[in-house]
Amino acid sequence: MDQFMSEHSENGREPSQTIEVAIVEPPEDVAERLQLKSGESAVVRRRVRFIDGEPYNINDSYFPLSLVQDTEIMQPGDIARGASQVLADQGYEQVRAFDEFYVRMPTPEEARRLELGPGTPVARHICTGTTAEDMPVRVVLDILPGDRHVIVYERAKPHDHDPDDPEG
């Protein structure tokens, strides 16, 4: 089970998800982030996650087809070792991620998939994962309904400074 399933199960909730996998020409913004050439295909793992039977979020992960063909990423089930480990085993370890958040009203498809009532805004979270060489290997699109999510970040100052040095 992935982290989402484990965390919510520990809290006494009933998490579940649906997973569909397809080979697609990705949306333009995803193709740009993955640095795909025009017409180059991607694999998308489309998931709707549920808590206690209610749609909680959309989590669609896009991978360059050339990196994941013939791997578990192509199968529409949970990946026990995780997609990150599959990428690493293929020689494409994801070591960095770039996160973007946009708040807006949902598209008709998002509203349908999430069973949203009228007037419910969503946050669109785009996470682009790269290797140490800055090669993009994954783009995750999360759609987070505004009535079901709180976004929390913790930031810490690096501990590589000398406390005895007045310059920091």
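Residues numbered from 1 in each chain as written. Predicted model: local features only at pLDDT ≥ 70, side-chain atom pairs only at ≥ 80, totals over all residues. Heavy atoms only, no water.

A. Expanded view of the sheet that holds strand β5 (residues 122–130). As summarised here, the arrangement of the six strands in space is β1-β2-β3-β6-β5-β4, forming an open sheet in which the pairing is antiparallel. Looking at strand neighbours, the two that pair on one side only are β1 (15–24) and β4 (96–104), the edges of this open sheet. Averaged over neighbouring strand pairs, the angle between their axes works out to 15 degrees when direction is ignored. Note: strand β2 (residues 42–51) against strand β3 (residues 54–64), 10 bridges, orientation antiparallel. In the strand pairing of β3, Val43 is matched with Phe63. (Pairing = 2+ DSSP bridges. Helix = DSSP H or I, 4+ residues; strand = E, 2+ residues; numbered from the N terminus. Axes fitted to C-alpha atoms, helices over the stretch in contact; angles between N-to-C directions.)

B. Main features of the pairing of β3. Among the 11 residues in β3, 10 count as buried, and that is most of the element. Hairpin geometry of β2 and β3 is characterised by an intervening segment of two residues between the two adjacent antiparallel strands and by a positive phi of about 50 degrees at Asp52. In this structure, β3 lies alongside strand β6 (residues 136–145), joined through five bridges in antiparallel fashion. Bridging from a neighbouring strand, Tyr62 pairs with Val139 of β6. (Buried < 20%, exposed > 50% of the residue type's maximum accessible area, 1.4 Å probe, protein only.)

C. Main features of the side chain of Asp142. Of note, Asp142 is situated in strand β6. Salt bridges are absent for the buried Asp142, whose nearest opposite-charge side chain, Arg49, sits at 5.4 Å. A polar contact of 2.6 Å, which involves the side chain of Asp142, links it to the side chain of Asn59. Apart from residues no more than four positions distant in its own chain, Asp142 is found in contact with Asn57, Ile58, Asn59, Ala123, Arg124 and His125. (Lys, Arg positive; Asp, Glu negative; His and termini not counted. Salt bridge = Lys/Arg side-chain N within 4 Å of Asp/Glu carboxyl O. Polar contact = N/O pair within 3.5 Å; in protein donor to acceptor, adjacent residues only side chain to side chain. Contact = heavy atoms within 4.5 Å.)

D. Here's a closer look at the pattern of salt bridges. Taken as a whole and judged by the stated rule, the model has 12 salt bridges. Linking Asp29 and Arg33 is a salt bridge whose minimum nitrogen-to-oxygen distance equals 3.7 Å. Placement of the pair is Asp29 and Arg33 together in helix α2 (residues 28–34), with a separation of four residues, close to one helical turn. When the shortest N-O distance is used, the salt bridge between Glu109 and Arg113 registers 4.0 Å. With Glu109 and Arg113 both in helix α5 (residues 108–114), this residue pair falls four residues apart, about one helical turn. Taking relative accessible area as the criterion, Glu109 reaches 45% and is therefore assigned partly exposed.

E. Region of the structure containing the environment of Cys127. Relative to the helices and strands, Cys127 resides in strand β5. Remark: the alpha-carbon pair of Cys127 and Phe101, spanning 26 residues in sequence, is separated by 8.9 Å. Once residues lying within four places of it in the same chain are set aside, the contact partners of Cys127 are Ala97, Phe98, Asp99, Arg138, Val139 and Val140.

F. Inspection of the pairing of β5 at higher detail. With nine of its nine residues buried, β5 lies for the most part within the structure. Alternating positions in β5 separate into two faces, Val122, Arg124, Ile126, Thr128 and Thr130 on one and Ala123, His125, Cys127 and Gly129 on the other, with burial throughout. Sheet topology note: the β4/β5 ladder contains nine bridges and is antiparallel. By the bridge assignment for β5, Phe98 is matched with Thr128. Where β5 hands over to β6, the hairpin turn is made up of five residues, of which Asp134 adopts a positive phi near 65 degrees.

G. Representation of the packing of aromatic side chains. Under the definition given, this model contains one aromatic pair. Look at Phe101 and Tyr153: their rings are 6.0 Å apart centre to centre, the planes differ by 90 degrees, and that puts the pair in the edge-to-face class. One end of the pair, Phe101, is in strand β4; the other, Tyr153, is in the segment after β6, and 52 residues separate them in sequence. A relative accessible area of 33% places Phe101 in the partly exposed class. Judged by relative accessible area, which is 51%, Tyr153 ranks as exposed. (Phe/Tyr/Trp six-rings, centres within 6.5 Å; stacked < 30°, edge-to-face > 60°.)

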